[in-house]
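Here's the letter readout for the chains.
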Amino acid sequence: MLIAEQWVLVTGGARGLGQSITRALAREGAGVVINYHHSDKAAAALAEELGPRAMALQADVTDTAAVHTLFAQAHERTGQPISSVVNNALVGFQFDGDARPQIGDIAWQRFNQQIEGAVKGALNTLQAALPGMRSQGFGRIVNVGTNLFQNPVVPYHDYTAAKAALLSLTRTAANDLGPHGITVNMVSGGLLRSTDASSATPEAVFELIASLTPLRRVTTPAEFADAVLFFLSPWSRAVTGQNLIVDGGLVKG
């Protein structure tokens, strides 16, 4: 399916990186379901701005029943299944540099919160999407990852562990769902300039990362969003179970 023929769910799609992904999809003509948890005003304003091919629907991605309700609401309003999902929602996390918990005192609760948000959230949307994707013989799932588990330039222990687990789920789900015409991939960025989550990052960290990349700059959310579009497009039809790193060449591999 062309991007313009799809209805795409973007979790956490009203703010930060999610908003950039939503805008990129709308630019290419996709119908977009803008999922939000607490950002009701931002989601409603974005949907109104983007027009009739956009809608804002509330759900906590860690709440299985709420996610299934979201899919039912979207189908009722559009008359067709959600064909693609971008798992972008970030649950209770901020990239705050030196203010982060150190390994000697970080609590397990923080790991659990990130695993619930990244892994359980993605599993919930994947399972809710499956009936519609199977009925179409087509589906695209893109999980938002991080380059930090390959290059922990700033060791965010809880966030990084959860995203590493999400990469594992990406690969096993790709193996399971390929026969149904469903691909599952990950797009992994580094520090982005700038999002709500990265707003507390010290400027020295931005400068350090920029100096280490071949492009000598920090990737923007819009650049990251364009890479997500590749996995939703026909150009990626033979690609699944992969992790594309979009960080200006900081991590190679």
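Scoring rules and cut-offs
Residues numbered from 1 in each chain as written. Predicted model: local features only at pLDDT ≥ 70, side-chain atom pairs only at ≥ 80, totals over all residues. Heavy atoms only, no water. Axes fitted to C-alpha atoms, helices over the stretch in contact; angles between N-to-C directions. Helix = DSSP H or I, 4+ residues; strand = E, 2+ residues; numbered from the N terminus. Parallel < 35°, antiparallel > 145°, perpendicular 65-115°, else oblique. Left-handed = near helix turned anticlockwise from the far one by under 90°. Contact = heavy atoms within 4.5 Å. Nonpolar A, V, L, I, M, F, W, Y, C, P; charged D, E, K, R; others polar. Pairing = 2+ DSSP bridges. Expected span 1.5 Å × (residues − 1). Polar contact = N/O pair within 3.5 Å; in protein donor to acceptor, adjacent residues only side chain to side chain. Buried < 20%, exposed > 50% of the residue type's maximum accessible area, 1.4 Å probe, protein only.

A.B. asks: Sorry, what's going on with the packing of helix 1 (residues 16–27) against helix 2 (residues 40–50) here?
C.D. replies: Helix-helix packing: each pair is described by the crossing angle between the helix axes and the interaxial distance. Across the interface, helix 1 lies against helix 2 with an axial gap of 11 Å and an inter-helix angle of 15°. Considering the angle they form, helix 1 stands roughly parallel to helix 2. Pair helix 1 / helix 2 crosses with right-handed handedness. Contacts between helix 1 and helix 2 involve Q19, T22, R23 and A26 from the first element and L46, E49 and L50 from the second. Of the residues that constitute the contact of helix 1 with helix 2, the class distribution is 3 nonpolar, 2 polar and 2 charged.

A.B. asks: Just to check I follow, could you spell out the sheet that holds strand 5 (residues 139–146) for this structure?
C.D. replies: Strands pair in a sheet through their backbones, by hydrogen bonds, and they do so in one of two ways: parallel or antiparallel. If you walk across this open sheet you meet the 7 strands as 3-2-1-4-5-6-7, and the pairing is parallel. Looking at the sheet topology across the chains shown, the edges are occupied by strand 3 (54–58) and strand 7 (243–246). Within the sheet, the average angular offset between the axes of one strand and its neighbour, ignoring direction, is 20°. The sheet contact formed by strand 6 (residues 182–189) and strand 7 spans 4 bridges and is parallel. In the strand pairing of strand 7, V187 is matched with L244.

A.B. asks: Explain helix 3 (residues 64–78) here, please?
C.D. replies: The α-helix advances 3.6 residues per turn, and as a result positions three or four apart in sequence lie on the same side. In a regular helix each residue adds 1.5 Å, so 15 residues correspond to 21 Å; helix 3 covers 22 Å between its end C-alpha atoms and thus fits that length. At its buried positions, helix 3 is contacted by strand 1 (7–10), strand 2 (31–36), strand 3, strand 4 (84–87) and helix 4 (108–136). Measuring from the backbone nitrogen of A65 back to the side-chain oxygen at the start of helix 3 gives 3.2 Å, which picks out D63 as the cap.

A.B. asks: Would you take a moment to explain the environment of R134 for this structure?
C.D. replies: Structurally, the position occupied by R134 is in helix 4. A relative accessible area of 45% means that R134 is categorised as partly exposed. Remark: the alpha-carbon pair of R134 and T146, spanning 12 residues in sequence, is separated by 29 Å.

A.B. asks: Explain helix 1 to me, please; I cannot follow it from the model alone.
C.D. replies: End to end, helix 1 covers 17 Å across 12 residues, agreeing with the expected 16 Å (1.5 Å per residue, within 8%). Every buried residue belonging to helix 1 is among L17, G18, S20, I21, T22, A24 and L25, and all of these are buried. Structurally, helix 1 contributes buried residues whose contacts are with strand 1, strand 2, helix 2, strand 4, strand 5 and helix 7 (221–232). The first or second residue beyond helix 1 is G29, which carries a positive phi of 90°.

A.B. asks: Explain the packing of helix 3 against helix 4 to me, please; I cannot follow it from the model alone.
C.D. replies: Where helix 3 meets helix 4, the closest approach of the two axes is 9 Å, and the angle between their N-to-C directions is 40°. With respect to their mutual orientation, helix 3 and helix 4 come out oblique. The chirality of how helix 3 crosses helix 4 is right-handed. Across the interface between the two elements, T64, V67, H68 and F71 from helix 3 touch K120, N124, T125, Q127, A128 and A129 from helix 4. Residue composition of the contact of helix 3 with helix 4, grouped by class: 4 nonpolar, 5 polar and 1 charged.

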